[in-house]
Structures are given as structure tokens and as C-alpha cells.
Amino acid sequence: PDVEYMDFRDVVQSAKDKVFPSVVFINCLRETLSSGRKITDKVSGSGVLISPQGELLTNWHVVDKAVEVRCLLSDGRSLNATIIGTDKDTDLALLKLDLPEDAPPLPYARLGDSSLLREGDFVMAMGAPWGLNRSVSIGIISCTTRFLPGNSEYSLWLQTDAAISPGNSGGPL
């Protein structure tokens, strides 16, 4: 049959162009207690906008113990965010950007159905590693049912060989 194939580079660019504008760099001030003293340190990660109203997903471990969350959008704006909910077992957190009332709708990514993924499927990992500019890496799904004893007793995870650098946590796969 006459089937038209896209060049792999075009497929990657098309997917990146759809999702990249929704990738957010997250800076958190975290407070912990150590030896009876309050310690404040800075942690960072990535997130992905999932609604035009500024709701975004990230990892629980990015915002755990955060007292202040600041997000850098792809258009250069820097906004505070409020933590709406977290789930340690799935390592997910939902945040909401503190947008001005007259803010235009934000670019956002649609969530996919991870149950459709199979070992060998190509994936792209996006984020803002090391607090630098946004990045993208390519890999495959190497396991769809990875169990992590001691980390998550009730969840199975997707395992990928796409490069996930420090600061990529919370970004879209």
C-alpha cells in the first residue's frame, strides 16, 4: 500500500513543538529540621502545564517540604505557585500558578494513556536540568511494570533509558 512515512527527525520535532511550551522550571525553598535547627535550602525540578488556567504536574519529591514555589515559564515569566495536592506513593504533585486575573490562557500538554505503552516504544523526556534551559532526550520504554521496593509499595513504574538529568524530575515523558 501507499503509506507515507515521516522522517524520524520530523516526528521528534513535531512532538517537541507540541509539548515544549508547557514545560516549566520549578525552584523551591524547602525547610527541614536538623539537630534542632531550621534549615532552608533550595531545590529545583521541572513540571508540565496540564491546563490553560495554570495547573501543573511535577514530582512529589520536587516540592516535598517546600515553603515557597516559583516557576519559570517557557515565555520567560516567573510566577509563584501553590501546592494543591501531593501523593508520595506515586511521586506526583499538583500545583496551581498564581496567575493575574487577566492572564491569557497558557500552553498545556495533554496527558497520554501510559497503559498503552509497550517495551520498545520511543519516548521523549523533557525538563530543565540543572536549572538550565529546557532540554529533550530520546529513549525507549524498557519496562512497563517496574516495581521499586521500599520506594513505592503500591505502584508499578515505567522504566526508560531516556536521559533524565538532575532537575528533569517532574518533567513530561
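Before any of the text, the structure's been laid out above.
Quick notes on the rules
- Residues numbered from 1 in each chain as written.
- Predicted model: local features only at pLDDT ≥ 70, side-chain atom pairs only at ≥ 80, totals over all residues.
- Heavy atoms only, no water.
- Helix = DSSP H or I, 4+ residues; strand = E, 2+ residues; numbered from the N terminus.
- Buried < 20%, exposed > 50% of the residue type's maximum accessible area, 1.4 Å probe, protein only.
- Contact = heavy atoms within 4.5 Å.
- Areas by Shrake-Rupley, 256 points an atom, 1.4 Å probe, with all protein chains shown as cover.
- Phe/Tyr/Trp six-rings, centres within 6.5 Å; stacked < 30°, edge-to-face > 60°.
- Pairing = 2+ DSSP bridges.
- Salt bridge = Lys/Arg side-chain N within 4 Å of Asp/Glu carboxyl O.
- Axes fitted to C-alpha atoms, helices over the stretch in contact; angles between N-to-C directions.
- Polar contact = N/O pair within 3.5 Å; in protein donor to acceptor, adjacent residues only side chain to side chain.
- Disulfide = S-S within 2.5 Å.

K.L.:
When you look at the overall build of the protein in this model, what are you seeing that I'm missing?
P.N.:
A count of helices and strands for the protein gives 2 helices and 9 strands. Counting only C-alpha atoms, the protein reaches 70 × 45 × 25 Å along its principal axes. When burial is assessed residue by residue, the protein has 32% of its 173 residues classed as buried. Pairs at least 24 residues apart make up 57% of the contacts formed inside the protein by residues separated by at least 6 positions. When the accessible surface of the protein is summed, it comes to about 10,700 Å², and 53% of that surface belongs to carbon and sulfur atoms.

K.L.:
Explain the packing of aromatic side chains here, please?
P.N.:
Where two aromatic rings form a pair, the distance of their centres and the angle of their planes describe that pair. Inspection of the entire model under this criterion finds 1 aromatic pair. Arranged with centres 5.1 Å apart and planes meeting at 55°, the rings of Phe 8 and Phe 122 form a pair that is tilted. A residue pair is termed long-range when its members are at least 10 positions apart, and Phe 8 in helix α1 (residues 8-19) and Phe 122 in strand β7 (residues 122-127) qualify at 114 residues.

K.L.:
Even after reading the chapter, I still don't get the pairing of strand β5 (residues 78-87), so can you show me in this structure?
P.N.:
On any regular strand, side chains alternate: one points to one face of the sheet, the next to the other face. Sheet topology places strand β4 (residues 66-72) next to β5; 4 bridges connect them, and they run antiparallel. Bridge pairing in β5 places Leu 72 opposite Ser 78. Counting the residues between successive antiparallel strands, the hairpin from β4 to β5 contains 5 residues, one of them, Gly 76, with a positive phi of roughly 95°. Relative to strand β6 (residues 92-97), β5 runs antiparallel, the two sharing 6 bridges. Residue Asp 87 lies in a different strand from β6, and its bridge partner there is Leu 92. Between the antiparallel neighbours β5 and β6 lie 4 residues, among them Asp 91 with a positive phi of about 55°.

K.L.:
I'm lost on the pattern of salt bridges in this one. Help?
P.N.:
It is possible for side chains bearing opposite charge to pair when their charged atoms get close. The tally for this structure, following the rule as stated, stands at 6 salt bridges. Where Asp 17 meets Lys 16, a salt bridge forms, and the shortest distance between an N and an O atom there is 3.2 Å. Glu 31 is the salt-bridge partner of Lys 38, the closest N and O atoms lying 3.8 Å from each other. Since its relative accessible area comes to 30%, Glu 31 is described here as partly exposed.

K.L.:
Looking at this structure, I do not really get the sheet that holds strand β3 (residues 55-58). What am I missing?
P.N.:
In a beta sheet, neighbouring strands pair by backbone hydrogen bonds and run either parallel or antiparallel. In spatial order, the strands read β1-β2-β3-β6-β5-β4; together these 6 strands close into a barrel with antiparallel pairing. Within this sheet the neighbouring strands show an average axis-to-axis angle of 40°, counted without direction. Two elements, strand β1 (residues 23-34) and β4, share 6 bridges in a ladder whose sense is antiparallel. If you follow Phe 25 over to β4, its bridge partner there is Leu 72.

K.L.:
Looking at this structure, how should I read the side chain of Thr 58?
P.N.:
Looking at the secondary structure, you find Thr 58 in strand β3. Assessed through its relative accessible area of 2%, Thr 58 is described here as buried. From its side chain, Thr 58 meets the backbone oxygen of Ser 46 in a polar contact 2.6 Å long. Apart from the residues lying within four places of it in its own chain, the contact partners of Thr 58 are Ile 26, Ser 46, Gly 47, Val 63, Asp 91, Leu 92, Ala 93, Leu 95, Ser 169 and Gly 170.

K.L.:
How should I be thinking about the environment of Asp 75 in this particular structure?
P.N.:
Along the chain, Asp 75 falls in the loop between β4 and β5. For the pair Asp 75 and Leu 106, spaced 31 residues apart in sequence, the C-alpha separation works out to 9.9 Å. For Asp 75, the side chain forms a polar contact with the side chain of Arg 77, separated by 2.9 Å.

K.L.:
Whenever I open this one, the state of the cysteines confuses me. Can you help?
P.N.:
Structurally, a disulfide amounts to a covalent bond that connects the sulfur atoms of two cysteines. Under the criterion given, the structure shown has 0 disulfides. Cys 28 carries a free sulfur, and the closest cysteine sulfur to it, the one in Cys 71, is 7.4 Å from it. Cys 71 sits in the buried class, given a relative accessible area of 1%.

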